[in-house]
Amino acid sequence: MRRAVCPGSFDPITNGHLDIIGRASKLYDVVHVAVMINQSKKGLFTVDERIELIREVTADFGNVEVESFHGLLVDFCKQREIPAIVKGLRAVSDFDYELQMAQMNNGLSGVETLFVPTNPTYSFLSSSLVKEVATWGGDVSHLLPPTVHEALMERLGEQ
């Protein structure tokens, strides 16, 4: 069985993330979405909320499993016998950082990293940018799955 992981914080998941996960789901039998827990960051959504949103928007793929993880991504991969990490690249600046991570991960565990170029429609897109624009009243509905957009607007309305 061919397995890969798409890691990230997904706070919140965007159409760009969904594009990469969807493309990976066509290449692998099982795609694990690892919602990485970063203790030093305060997320807009809790990890459990992110997992639920991701499960909702990836349900149609049929081969995506979503869970959280704290620690090294290579340990997540070892524990689940996942040989590949799939990462989306938006720009050259992403490549510089991601190449270092890929080389480190491979050196630590032999896990391979596959880079998928982003759909040009989403080349500028990040969760941070979406949150910032939405906070100031900008329309981000075209950048998020509808259920995620609804959750984001509700959360920002609470603040």
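Residues numbered from 1 in each chain as written. Predicted model: local features only at pLDDT ≥ 70, side-chain atom pairs only at ≥ 80, totals over all residues. Heavy atoms only, no water.

The chain is annotated in an unreviewed UniProt entry as Phosphopantetheine adenylyltransferase of Streptomyces durocortorensis. Heading Cofactor (unreviewed entry) of the UniProt record for the chain holds this comment: "Mg(2+)". (UniProt positions renumbered as here; feature names shortened; annotations may be inferred.)

## Section: the overall build of the chain
Scanning the chain for helices and strands turns up six helices and five strands. The linear arrangement of helices and strands in the chain, starting from the amino end, is β-α-β-α-β-α-β-α-β-α-α. Scaling as 2.2 N^0.38, a compact globule of 159 residues should have a C-alpha radius of gyration of about 15 Å, and the chain matches this with 15 Å. Viewed in the frame of its principal axes, the chain has a C-alpha envelope of about 45 × 30 × 30 Å. Looking at the 159 residues of the chain, the share that counts as buried comes to 48%. Considering only residue pairs separated by 6 or more positions, the chain has 75% of its internal contacts joining residues 24 or more positions apart. (Helix = DSSP H or I, 4+ residues; strand = E, 2+ residues; numbered from the N terminus. Rg over C-alpha atoms; globule rule 2.2 N^0.38 Å. Buried < 20%, exposed > 50% of the residue type's maximum accessible area, 1.4 Å probe, protein only. Contact = heavy atoms within 4.5 Å.)

## Re a nonpolar patch on the surface
A surface patch of nonpolar side chains, amounting to about 310 Å² of accessible area, comprises Leu-72, Met-104 and Leu-108. Looking at where Leu-108 falls in the secondary structure, it is placed in helix H4 (residues 92-109). (Patch = residues over 30% accessible without salt bridge, like charges linked within 9 Å, V, L, I, M, F, W, Y side chains within 5 Å. Areas by Shrake-Rupley, 256 points an atom, 1.4 Å probe, with all protein chains shown as cover. Salt bridge = Lys/Arg side-chain N within 4 Å of Asp/Glu carboxyl O.)

## Brief notes about the pairing of strand E1 (residues 3-8)
The buried fraction of E1 is high, at five of six residues. Pairing between E1 and strand E2 (residues 30-36): six bridges, direction parallel. Counterpart to Cys-6 in the pairing with E2 is Val-33. For the crossover that starts at E1, traverses helix H1 (residues 15-27) and ends in the parallel E2, the hand is right-handed. In terms of strand pairing, E1 meets strand E4 (residues 84-89) through two bridges, oriented parallel. Residue pairing for E4: Val-5 is matched across the bridge by Ile-85. (Pairing = 2+ DSSP bridges. Right-handed = clockwise from strand over helix to strand, strands pointing away.)

## A look at the packing of aromatic side chains
What characterises a pair of aromatic rings is the spacing of the ring centres plus the angle enclosed by the ring planes. For the coordinates displayed, the defined rule picks out two aromatic pairs. Between Phe-69 and Phe-76, the ring centres sit 5.1 Å apart and the planes meet at 75°, which makes this aromatic pair edge-to-face. Phe-76 gets classed as buried once you look at its relative accessible area, which sits at 0%. Ring geometry for Phe-95 versus Phe-115: centroids 5.7 Å apart, planes at 70°, classification edge-to-face. Placement of Phe-95 in helix H4 and of Phe-115 in strand E5 (residues 112-117) is noted, with a sequence separation of 20 residues between them. Take Phe-115: its relative accessible area is 27%, and that puts it in the partly exposed class. One cation-aromatic arrangement involves Arg-80 over Phe-76; the distance from NZ or CZ to the ring centre is 3.8 Å. (Phe/Tyr/Trp six-rings, centres within 6.5 Å; stacked < 30°, edge-to-face > 60°. Lys NZ or Arg CZ within 6 Å of the ring centre and 35° of its normal.)

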